Structure formats: C-alpha cells, structure tokens
Amino acid sequence: MAEALSAVFDRQDVVQRARGAFLGMALGDALGATTEFLLPGEIRYRHKVHNRITGGGWLNLKAGEVTDDTQMSLCIGRAIDETGGWSARCVMEHFARWLKTKPVDVGATCRRSISRYILKQELGKEYSDWDAGNGAAMRMAPVALFTLGNEALLARLAVEQAHLTHNNRLSDAACITIGRLVQQAILGADRPALHGIVRELIAAHPKFQYHNYRGGASAYVVETLQTVFHYFFGTANFEECLVAVVNQGGDADTTGAIAGMIAGAFYGLEALPKKWLKVLDPKVRDEIDGQVVRLLDLAPIFHRPGTAEGR
Ligand code: MN
Ligand code: MN
C-alpha cells in the first residue's frame, strides 16, 4: 500500500504541501495572537481588518513571534527527531522542558498536566469532561506529517499525543479529523473530499455541525473547529481564509493555527503570503523547515511496506 501510494504521489508536491501545512500553522498563530480574546467589533474598531502580522495583542508579542500552538508542535517534532520514531514520554519530556522556559502563553489544561508530569514523572491523563479545549488539536501538524500514508497510525498517535494533556472524546475526534484533513489535503484531495471528512465527524459527533455558525470562537474545541470549517469552506484562498478566521477573534491564535495547517496543506506553500513569511520569527521558520523534511523521511508514505510497522 505504502509503495503504491509513493509511486502515485509526487514527492516534491507532498513536501511543498507539508511545508505549507506546518508553516501555515505558525503564520495563523502569529497572525491570530494579535486578536486573541477580542470580539469581532473590537477588532474592527482597532484594525478595520486585521491582516498583517504585527505582534501585540494581550501577550504583547513582537511581530512574527509565535505562541504555544507552534511551540508545542515543535516540541513534538523535536521528540520525533530525538528518538527517530514515536515516544509519548519523549514528547512529554519536551513539553516539560518547554514549560520550564516560562513561555508567555500556556493553556491551563496543558499547564496542569505537564506540571503533574514534572512532579511525578507519570504519563496518562484520566478522562475529563473539562478536557474539551483545543490544546491538543492545535499541535496536530507534526503528527499528521509523521504518520502520512497510514491513517490507522495517525488515529493512534493523534490520541496518544492528545492524552498527554487532554483526555476527552470531542478533543480526540477533533485531533483525528484535523490530522486526516491535513493528510488528505497534502495528498491532493479536493474540497468535496475534505468536506466528506468533516461530514464523517459531524455524523459521529453532531455537536460539530456548523451550518448555523453564529461566530463563537472560544477555546472549546467544538467552537474552534466550527470556526475553522465555516471559513475554510467559505473562502477561496489561504490569505482570505486566515484573515477571516482571525478577525472572528476569540481564541484567534488557535483557530488561526488550525485553519493555517489545513489551508496551508490544501493551497500549498506558494499560497502562503510572502509578506507574512518575511515577518515570521526566522528561528521558528528554520526549525519548521528542518522538521518537515525529517518528519516526512520517517513517514510511512515514503517507506517500503513493512518498514512503518512498530512505529
Ligand atoms: Mn496560543
Ligand atoms: Mn490560543
């Protein structure tokens, strides 16, 4: 299967779309951080339309600085780099190392789980109705790249990484769906095919229905994905999608990050605005570029049958 796939897909195109996904995520994070926790009316009053990466916001960021969405994604990529494969404990070790750097932005659920790990070295988070935040969903980009070509592996690792901090069925479903959307977009799926994946999510969890979208964009993973779906399917290019998403305010860095990874994969690297890439923190940009290549080197899609087993 993997061999058949790699014969069909042009490696160069896959790499470019994968870069589009990971860099698109960071751009959405950096762009949306400015309008995080604002209401659409407040954003209009301050910026008319917020469409430049300027930093600021409640975190008072430098232009191009990213937040936990991108930083935790990079932690997952570092753990895969370090082990040359998958180790949930190693991912948690990198989250712990990151938390000790006192990052400006850390979600409450993530902080609690990582702090507990630092104190007790125990993995495994018990199920909680309160874990339906978007903190696990926002860091799916590296998992989608690393498992590209094997949907069962994607589903397993999406949940394993999620449960390091969030153990909730809505969060799990969101993580898997985001991973599938990113992967299928990287492999060249069209809009109806991506919409089919969203319909499967809604069939299993009707809460994610978004046809009556009213503009809620809180950190509740259901509202986060409704915002992303509404604007991804309602716009025609990467920039339009991201600008629409972050001008909705709320948890705008995270809706931006998730829309950025899906739209970046779908429209491809060339569609990412150069003016935004120019401002993005160069250290972040370089680390993402390196991780994309290494994650794809390990991905099942580029491996002969059998070699992806046991990862
Ligand atoms: Mn953030
Ligand atoms: Mn956020």
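The coordinates are above.
The rules behind the values
Residues numbered from 1 in each chain as written. Chains lettered and ligands numbered in written order. Predicted model: local features only at pLDDT ≥ 70, side-chain atom pairs only at ≥ 80, totals over all residues. Heavy atoms only, no water. Donors = N, O, S within 2.8 Å, 3.2 Å for Na, K, Ca; no water. Buried < 20%, exposed > 50% of the residue type's maximum accessible area, 1.4 Å probe, protein only. Helix = DSSP H or I, 4+ residues; strand = E, 2+ residues; numbered from the N terminus. Expected span 1.5 Å × (residues − 1). Arc of directions from axis to C-beta. Contact = heavy atoms within 4.5 Å. Polar contact = N/O pair within 3.5 Å; in protein donor to acceptor, adjacent residues only side chain to side chain. Core = buried A, V, L, I, M, F, W, Y, C linked by side-chain atoms within 4.5 Å. Axes fitted to C-alpha atoms, helices over the stretch in contact; angles between N-to-C directions. Nonpolar A, V, L, I, M, F, W, Y, C, P; charged D, E, K, R; others polar. Phe/Tyr/Trp six-rings, centres within 6.5 Å; stacked < 30°, edge-to-face > 60°. Salt bridge = Lys/Arg side-chain N within 4 Å of Asp/Glu carboxyl O. Disulfide = S-S within 2.5 Å. Left-handed = near helix turned anticlockwise from the far one by under 90°.

Visitor: How should I be thinking about the coordination of the manganese ion (ligand 1) in this particular structure?
Guide: In an ideal tetrahedron of four donors about a metal, each angle is 109.5 degrees. In an ideal octahedron of six donors, the angles are 90 or 180 degrees. Protein-derived ligands of the manganese ion (ligand 1) are Thr67 (OG1), Asp68 (OD), Asp69 (OD), Asp105 (OD) and Asp253 (OD), with the metal-ligand distances lying across 2.0 to 2.5 Å. Summarised as a motif, the one-chain spacing of the donors to the manganese ion (ligand 1) is T-D-D-x35-D-x147-D. With relative accessibility at 0%, the residue Asp69 sits in the buried group. Residue classification places Asp253 among the buried positions, given a relative accessible area of 1%.

Visitor: Please explain the coordination of the manganese ion (ligand 2) as it appears in this structure.
Guide: Around the manganese ion (ligand 2), the donor atoms from the protein are Glu36 (OE), Asp251 (OD), Asp253 (OD) and Thr254 (OG1), and they sit 2.1 to 2.7 Å away. The metal-metal distance between the manganese ion (ligand 2) and the manganese ion (ligand 1) is 3.5 Å, with Asp253 serving as a donor to both. A residue pair is termed long-range when its members are at least 10 positions apart, and Glu36 in the loop between helix 2 (11-32) and helix 3 (40-47) and Thr254 in helix 13 (residues 252-267) qualify at 218 residues. Neither residue differs from the other here; Glu36 and Thr254 are each classed as buried.

Visitor: Sorry, what's going on with helix 8 (residues 151-162) here?
Guide: Every α-helix carries 3.6 residues per turn, so stepping three or four residues along brings you back to the same face. With 12 residues, helix 8 should cover 16 Å at 1.5 Å per step; its first-to-last C-alpha distance of 16 Å lies within 8% of that length. If you check which residues of helix 8 are buried, you get Leu153, Leu154, Leu157, Ala158, Gln161 and Ala162. Along helix 8, the residues classed as buried sweep out an arc of 155° about the axis, all on the same side. Check the buried side of helix 8 and you find it contacts helix 4 (68-83), helix 7 (141-146) and helix 9 (169-186). The backbone nitrogen of Ala152 lies 3.2 Å from a side-chain oxygen of the residue at the head of helix 8, namely Asn150.

Visitor: It is not clear to me how the nonpolar core should be interpreted in this structure. Could you clarify?
Guide: The nonpolar side chains of a soluble globular protein tend to be buried, and buried together. Core analysis: the biggest nonpolar cluster contains 105 residues, and Phe22, Phe95, Ile114, Val182, Met261 and Leu296 have the highest contact counts within it. Tallying contributions element by element places helix 2 first for this core, with 11 residues. Apart from residues lying up to four places away in sequence, Phe95 is in contact with Met72, Cys75, Ile76, Ile114, Arg139 and Leu164.

Visitor: Help me understand the packing of helix 2 against helix 9 in this model?
Guide: Angle between the axes and distance between the axes: these two values describe a pair of packed helices. At their nearest, the axes of helix 2 and helix 9 sit 9 Å apart, and the two run at 140° to each other. Only Val182, Ala185 and Ile186 of helix 9 make contact with helix 2, whose side of the interface consists of Asp13, Val14, Arg17, Ala18 and Ala21. Its residues assigned to classes, the contact of helix 2 with helix 9 comprises 6 nonpolar, no polar and 2 charged.

Visitor: Quick question: what am I supposed to make of the packing of aromatic side chains here?
Guide: A ring pair, where both rings are aromatic, is described by two values, the distance of the centres and the angle of the planes. Considering all chains together, one arrives at 9 aromatic pairs under this definition. Ring geometry for Tyr213 versus Tyr231: centroids 6.0 Å apart, planes at 80°, classification edge-to-face. One end of the pair, Tyr213, is in the loop between helix 10 (191-204) and helix 11 (221-234); the other, Tyr231, is in helix 11, with 18 residues separating them in the sequence. Each member of the pair, Tyr213 as well as Tyr231, carries the same accessibility label: buried. One aromatic cluster is present, built from ring pairs that chain together Phe232, Phe233, Phe266 and Tyr267.

Visitor: Please clarify how the pattern of salt bridges should be interpreted in this entry.
Guide: Between side chains of opposite charge, pairing is possible as soon as their charged atoms come close. Across all of its chains, the model carries 12 salt bridges by this definition. The closest approach of N and O atoms between Lys125 and Asp131, which form a salt bridge, is 2.9 Å. Neither Lys125 nor Asp131 differs from the other in exposure class; each is buried. One network of salt bridges, with partners in common, ties together Arg116, Lys125, Glu126 and Asp131.

Visitor: How should the side chain of Ser128 be read in this particular structure?
Guide: Positionally, Ser128 belongs in the loop between helix 6 (108-120) and helix 7. By relative accessible area, Ser128 is classed as buried at 13%. Separated by 2.9 Å, the side chain of Ser128 and the backbone nitrogen of Trp130 make a polar contact. Setting aside chain neighbours within four positions, we find Ser128 in contact with Asn167 and Asn168.

Visitor: Explain helix 12 (residues 238-246) to me, please; I cannot follow it from the model alone.
Guide: When helix 12 is considered as a whole, its buried residues turn out to be Phe238, Cys241, Leu242, Val243, Val245 and Val246. Those residues of helix 12 that are buried lie in contact with helix 2, helix 3, helix 11, helix 13 and helix 14 (274-279).

Visitor: Before we go on, may I ask you to explain the side chain of Gln226 in this structure?
Guide: With respect to the helices, strands and loops of the structure, Gln226 is situated in helix 11. One polar contact links the side chain of Gln226 to the main-chain carbonyl oxygen of Lys207, over a distance of 3.1 Å. Once you skip the residues sitting within four places of it in the chain, Gln226 turns out to touch Lys207, Phe208, Gln209, Tyr210 and Tyr213.

Visitor: Help me out: how do you make sense of the state of the cysteines in this one?
Guide: Here a disulfide denotes a covalent bond joining the sulfur atom of one cysteine to the sulfur atom of another. Here the structure, examined in full by the defined rule, presents 0 disulfides. Left without a disulfide partner, Cys75 is nearest to the cysteine sulfur of Cys90, which lies 10 Å away. As a non-bridged cysteine, Cys110 has Cys175 as the owner of its nearest cysteine sulfur, 10 Å distant.

Visitor: Explain the packing of helix 11 against helix 13 to me, please; I cannot follow it from the model alone.
Guide: Where helix 11 contacts helix 13, the two axes come as close as 9 Å, and the packing angle between them is 40°. For helix 11 against helix 13, the interelement crossing comes out right-handed. Taking contact as the criterion, the partners of Thr224, Leu225, Thr227, Val228 and Phe232 in helix 11 are, on helix 13, Thr255, Ile258, Ala259, Ile262, Ala263, Phe266 and Tyr267. Considered class by class, the residues forming the contact of helix 11 with helix 13 number 9 nonpolar, 3 polar and no charged.

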